[in-house]
Amino acid sequence: MPEQRPNGNASGGSAYTINLNTFSGRLQALYEHWRENKETYWGSSDVLAVATPPLSDDLRYLKSSALNIWLLGYEFPETIMVFREKHIHFICSQKKAEVLRVIKKAAALEDIEVDIRVKLKNDDGSSQMELVFQEIRSDSTDTPTVGHIAREAPEGKLLEIWSDKLKGSGLKLIDISNGLSQLFAVKDKNEILCIKKAAYLTASAMKNFVVPKVEKVIDEERKVTHATLMEETERAIQDPLKIGAKLKADNVDICYPPIFQSGGKFDLRPSAVSSDDDLYYDSASVIICAIGSRYNSYCSNVARTYLIDSDTVQSRAYEVLLKAHEAAILALKPGNRVSAVYEAAVAAVDKDTPELAPKLTKSAGTGIGLEFRESGLSLNAKNDRVLKAGMVFNVSLGFQNLESNTSSSKSHNFSLLLADTVIVMDNGREVATSACSKSIKDIAYSFKEDEEEIPKVKRESIAKDVFSKATLRSDNGEISKEELRKQHQAELARQKNEETARRLAGVGYGAGDGRAAVKTTSDLIAYKSVNELPLPRDMMIQVDQRNEAILLPIYGSMVPFHVATVKTVSSQQDTNRNCYVRIIFNVPGTPFTPHDANSLKNQGAIYLKEVSFRSKDPRHISEVVQLIKTLRRNVMARESERAERATLVTQEKLVLAGNKFKPIRLHDLWIRPGFGGRARKLSGSLEAHMNGFRYSTSKADQRVDIMYGNIKHALFQPAEKEMITLVHFHLHHHIMVGNKKTKDVQFYVEVMEMVQNIGAGKRSAYDPDEIEEEQRERDRKNKMNMEFQNFVNRVNDLWGQPQFKGHELEFDQPLRELGFYGVPYKASAFIVPTSSCLVELVETPFLVISLSDIEIVNLERVGLAQKNFDMAIVFKDFKRDVMRIDSIPSSSLDGIKEWLDTTDIKYYESRLNLNWRPILKTITDDPQQFIEEGGWEFLNLEATDSDSDNSAESDQGYEPSDAEPKSESEDDDSDSDALVESEDEEDSEQDSEEEKGKTWEELEREASNADREKVNESDSEDERRRRKMKAFGKSRAGPSSAASKRSKFS
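Cut-offs and rules
- Residues numbered from 1 in each chain as written.
- Predicted model: local features only at pLDDT ≥ 70, side-chain atom pairs only at ≥ 80, totals over all residues.
- Heavy atoms only, no water.
- Salt bridge = Lys/Arg side-chain N within 4 Å of Asp/Glu carboxyl O.
- Helix = DSSP H or I, 4+ residues; strand = E, 2+ residues; numbered from the N terminus.
- Buried < 20%, exposed > 50% of the residue type's maximum accessible area, 1.4 Å probe, protein only.
- Pairing = 2+ DSSP bridges.
- Axes fitted to C-alpha atoms, helices over the stretch in contact; angles between N-to-C directions.
- Phe/Tyr/Trp six-rings, centres within 6.5 Å; stacked < 30°, edge-to-face > 60°.
- Lys NZ or Arg CZ within 6 Å of the ring centre and 35° of its normal.
- pLDDT = per-residue confidence, 0-100.
- Contact = heavy atoms within 4.5 Å.

Chemist: Describe the pattern of salt bridges, listing the residues and the values that go with them.
Modeler: Close approach of charged atoms allows side chains of opposite charge to pair. Evaluated as defined, the whole model comprises 44 salt bridges. Of the charged contacts in the structure, one is a salt bridge between R84 and E135, with a shortest N-O distance of 3.4 Å. Highlighted residues: R84 in the loop between strand 2 (79-83) and strand 3 (87-92) and E135 in helix 5 (residues 126-137), separated in sequence by 51 residues. Here R84 falls in the buried class, since its relative accessible area comes to 3%.

Have a look at this one:
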């Protein structure tokens, strides 16, 4: 493609306008960087000579073109720029000279003279070059050093003549590529804005075009080549409106031809090309998509890997790559070295799967901006440059040449790649391409049609069970289990509504004033008297760290402010070298400002909301802003911890066992949450004393006391399929463990090694050493379980004594046979009921839900076609958020219903997810109306259907949103057809009275099949596609709209 940039080309004459403010600021930045780093980065060059070649059809990135665009806003092909200490020389054509004349006045303000020498059409420019060389030699008696871009070969007649004359001039020549890279590394706010727009375009292209396009190809099982996808994606990027990006097409372009790879042939380099092979999407296949786009010549990049029916090796490798990629991004913060980014990625891989470390790419990406790959900013282990705010990186990480468990040649070898455009900010980083998801649930596909694999006879028997259990009695006339459960649930519904009505009638639900809670912190006083103020220093902003105050010069006096009164502080610099610092204070009554005791005490006072200062010293301003931010952060952290401790309930003092009885001990335990700190973690002992437990390590400050009266649930979980044996305490009130405030404290021991040596190759199942090692692990697990069991039994005996009867404590043990898999927070976990609660104690954060706190349970997304459903737990405290457990396998549905019914918990079923916050707010705002309208019975799907006599309106009210509602005319037609059929049947019965009638079993089977067909017909094409496409069990139904054509791959 042409080298002409999307934001214009200067050869077009007066149609182009140079932004003089931008030019002035960047010209100043160029000369300052050159002067300050002359020996370090610019090779001690006295003169900078940059020659821009003519336009080319090749897609390339040149530093000469980048300097043109950065400084002037346009690329000036076949133009020579020479920078001297006080002069800039241009050798160019007449049209370019007309555009460049406007910069003379702006450069003069910086005390720099611009000399434009016009090369006529038939002139080779030699005479103008000689005059420039004379000017260069006149600057010094010594031979000047001329810096040029050595790696750019001269192109075109003008540049070839210039190169020859430069080499024959006798001047010292030095390469300045490194200096230009350093100059471009830190972007200003205008450059950041361009990169964000480019990233928005890139993410939109991937999300709104590439993903649906590939989805459609796979769904329709079409043959499309990688090259075709590349061409279509390139056209989509160059027409932003078609992919939902409201950007002008003239300002955008591609960074490189989009890359599509699959079928076992992968190249993770940016120079890779899309082949003419067809897209491969069979089982265990991997598809890599990478696209980059530019806005006003500033680049961005994104790459995603998509897994089709992946096996465990592929899924695990992707999860590790995702962790490494996130670790690399988190390491991008000001002050870190560039090498720390790649080291963070390597550490993440070594932690989980060290065998994959050799397969990791040798760098984590490069800097990105006007050039797609900025030299000097490669994210590798050898780069010691320091990261600064304003730098932008293409964080690209991958695994190469991995092998899956499949035998197919096109899916056995695979690679993985992830890339994002990340901006380093003052307070961290910003992922500019985050709109394009890379989470495992959004990139993994499963197209295996499990239902079609079930034999027909088996499917009919399953359907018969599903439809007949709830509606038919058994052969001997006894009521089925499902009927008994429904009757019990109906009784529970009546009791629950009465209980809820009584509770709502007895509790007032005030709306409140909507303000934040009043802080109970003590008065914040910086100085008790004027005499304590430090002496002023030249009426400049001062930061008194000892007294936690800042002193501001206001009307000739130093006025102190406690740092806690500061809301934000920021600085900026204008084009006239003026720096501004802006301080905004916490003022009562403004949005998002909490009330504290000081503001309520002085309600009639006048507050200072904001103050700004101007300075000519940018270093002082930067230092002041940093000091204020650091001091404020430390003070707020201290006050926050003090406020947390202030809310703790005062516990009774632990009474040691002493001589009354020997304390019950359990040795060599670890605690969660940990004490924190950088010191080595130590194991400790748990002891049961007179009125509580004490856990302590060899360090005196690492001690936790848990009073028996504060324990709500005591849980013991032996290791069966887990690697730890544990005792867990869920408390009534929070306690502090180290500097963490928590209601859950756990003590555990590892029963087997978490890390196994897999580097010694495969070992035989009959290897004596292997058998002996497994036996040792079993013995250790049994020993640990037995020690914990003895401890639990002895504590239960202690709690059985008369003095502890009031606590009603006893260790509870999870019932594994009732457990099920679900996603309570972010990851799937095995959730297990106990006699008093529902728990998940292995993964953090822990899940402990008291059954006594549960109001109702709503089972959502329950339907014949769903492979997963969700559980919404509504608590009796309606101000408490509803707890959701997502993606529970449908095979666990009956077991969960049985458990809920056995524990007398009322449950409902719905086909869609509900938005619970507005529902609970409606209930608390008008509890009387909620009671009068039947309480929770609005959730009863079956009652709603029966009340409406199975009307069409009722069915539509509970259909999934993707299903197409039936029209009244269709219902009328079906009714009329049924009448005609019934008349025909009567005639046929009269004609064939001798024919044998069908058995009840055959009629029942036909009715079952008819119902299944009716359900399938009511599903829209999009719904069937949604059921077909899932990602690791997640198949939540979405809203019905044209935009909901896909559920994954975004």
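Chemist: So what's going on with the sheet that holds strand 18 (residues 557-562)? Residues and values would help.
Modeler: One open sheet holds the three strands; their spatial order is 16-17-18, and the pairing between them is antiparallel. Both edges of this open sheet fall to strand 16 (542-544) and strand 18, since each of them pairs with a single strand only. Adjacent strand axes in the sheet meet at a mean angle of 30 degrees, parallel and antiparallel pairs treated alike. The sheet contact formed by strand 16 and strand 17 (residues 549-554) spans three bridges and is antiparallel. Looking at the pairing, Q542 lines up with L551 of strand 17.

Chemist: Can you tell me about the sheet that holds strand 19 (residues 566-573), naming the residues and giving the values?
Modeler: Taken together, three strands build an open sheet; the order of strands is 19-20-21 and the sheet is antiparallel. In the strand order of this sheet, the two ends are held by strand 19 and strand 21 (610-615), each with one partner. The mean angle between the axes of side-by-side strands here comes to 15 degrees, regardless of whether they run parallel or antiparallel. Two strands pair when backbone bridges link them, and strand 19 and strand 20 (residues 579-585) are joined in this way by seven bridges, in the antiparallel orientation. Residue Q573 lies in a different strand from strand 20, and its bridge partner there is C579.

Chemist: Run through the packing of aromatic side chains, naming residues and quoting values.
Modeler: Using the criterion set out here, one finds 22 aromatic pairs in the structure. With a centroid separation of 5.3 Å and an interplanar angle of 70 degrees, the aromatic rings of Y256 and F372 are classed as edge-to-face. Of this pair, Y256 sits in the loop between strand 7 (252-254) and strand 8 (259-261) while F372 is found in the loop between strand 11 (365-367) and strand 12 (392-403), placing the two residues 116 residues apart along the sequence. The exposure classification of Y256 matches that of F372, with both residues buried. Look at F729 and F747: their rings are 6.1 Å apart centre to centre, the planes differ by 65 degrees, and that puts the pair in the edge-to-face class. Taken together, the residues F729 in strand 27 (residues 724-737) and F747 in strand 28 (residues 740-750) connect sequence positions 18 residues apart. Seen from the ring of F875, R880 lies directly overhead, with NZ or CZ sitting 3.7 Å from the centre.

Chemist: An account of the pairing of strand 33 (residues 847-850) is needed here, citing residue identities and associated values.
Modeler: Residues L847 and I849 of strand 33 are buried on one face, and the alternating residues V848 and S850, pointing to the opposite face, are buried as well. Linking two consecutive strands that pair antiparallel, namely strand 32 (residues 837-840) and strand 33, is a turn of six residues.

Chemist: So what about unusual backbone geometry? Which residues, and what values?
Modeler: A cis geometry characterises the amide bond from R672 onward to P673, with omega recorded as -5 degrees. Take P673: it is sitting in the loop between strand 22 (664-672) and strand 23 (684-688). The omega angle of the peptide bond from T844 to P845 is -5 degrees, so this bond is cis rather than trans. Tracing the backbone shows P845 in the loop between strand 32 and strand 33. The backbone phi angle of E221 is positive, close to 55 degrees, even though this residue is not glycine. Within the secondary structure layout, E221 lies in the loop between helix 8 (189-219) and helix 9 (226-237). The backbone of S297 sits at a positive phi, close to 75 degrees, despite the residue not being glycine. Structurally, S297 can be placed in the loop between strand 9 (285-295) and strand 10 (298-308).

Chemist: Kindly report on the confidence of the model for the protein, identifying the contributing residues and their values.
Modeler: For the protein, mean pLDDT is 80; residues scoring 70 or higher make up 79% of the total. For the stretch residues 507-521, pLDDT sits under 50, and the model shows 19 contacts to residues farther than four places along the chain or on other chains. Note on residues 1015-1050: pLDDT under 50 across the span, and 96 contacts to partners over four residues away in sequence or across chains.

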